[in-house]
Amino acid sequence: MDRTFWALADPTRRGVLERLAKDPGLSVSELARSFSLKLPGMTKHLDVLSDAGLITRTKTGRTVAVSLAPAPMQEAMAWLSQYERFWTVSLDRLVALVEEDAAR
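Residues numbered from 1 in each chain as written. Predicted model: local features only at pLDDT ≥ 70, side-chain atom pairs only at ≥ 80, totals over all residues. Heavy atoms only, no water.

**Q** Could you give me a rundown of the environment of Lys22, with the residues and numbers involved?
**A** Mapped onto the fold, Lys22 is located in helix H2 (residues 11–22). Along the primary structure Lys22 and Ala71 are separated by 49 residues, whereas in three dimensions their C-alpha atoms are 17 Å apart. (Helix = DSSP H or I, 4+ residues; strand = E, 2+ residues; numbered from the N terminus.)

**Q** Can you tell me about the pattern of salt bridges, naming the residues and giving the values?
**A** For the coordinates displayed, the defined rule picks out 2 salt bridges. In this structure, Arg19 engages Asp23 in a salt bridge whose closest nitrogen and oxygen atoms are separated by 3.1 Å. Classification of Arg19 by relative accessible area gives partly exposed; the value is 26%. Exposure remark for Asp23: the relative accessible area of 32% places this residue in the partly exposed category. (Salt bridge = Lys/Arg side-chain N within 4 Å of Asp/Glu carboxyl O. Buried < 20%, exposed > 50% of the residue type's maximum accessible area, 1.4 Å probe, protein only.)

**Q** Residue-level account of H2, with values.
**A** Look at H2: 17 Å from first C-alpha to last across 12 residues, which is about the 16 Å you get at 1.5 Å a residue. Taken as a whole, H2 has its buried residues at Arg13, Gly15, Val16, Leu17 and Leu20. Where H2 begins, the side chain of Asp10 points an oxygen toward the backbone nitrogen of Thr12, at a separation of 2.9 Å. (Expected span 1.5 Å × (residues − 1). Polar contact = N/O pair within 3.5 Å; in protein donor to acceptor, adjacent residues only side chain to side chain.)

No statement about biological role is implied by the geometric values presented.
Structure representation (structure tokens):
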């Protein structure tokens, strides 16, 4: 799970995952173009995502296609959901304060 959160800490890598959720199977070149990165830069980001298990790469000839692998993200969400009650209570209090202030 540490690798998942490390991978998600970078906005470019989060963007790659969002893009792959919309367009699965994009090539490394297509991903690099959409983020205005050179291939070595994109490859480094993909290596981090791959090490975290968040993507898979499939090579067909000279083309490498990248797809989302959601299992590590699901594990992270399950872990985070244990703590949801803490921020839900805080948000409920905030809503009550705003409503109370608006009533004045």
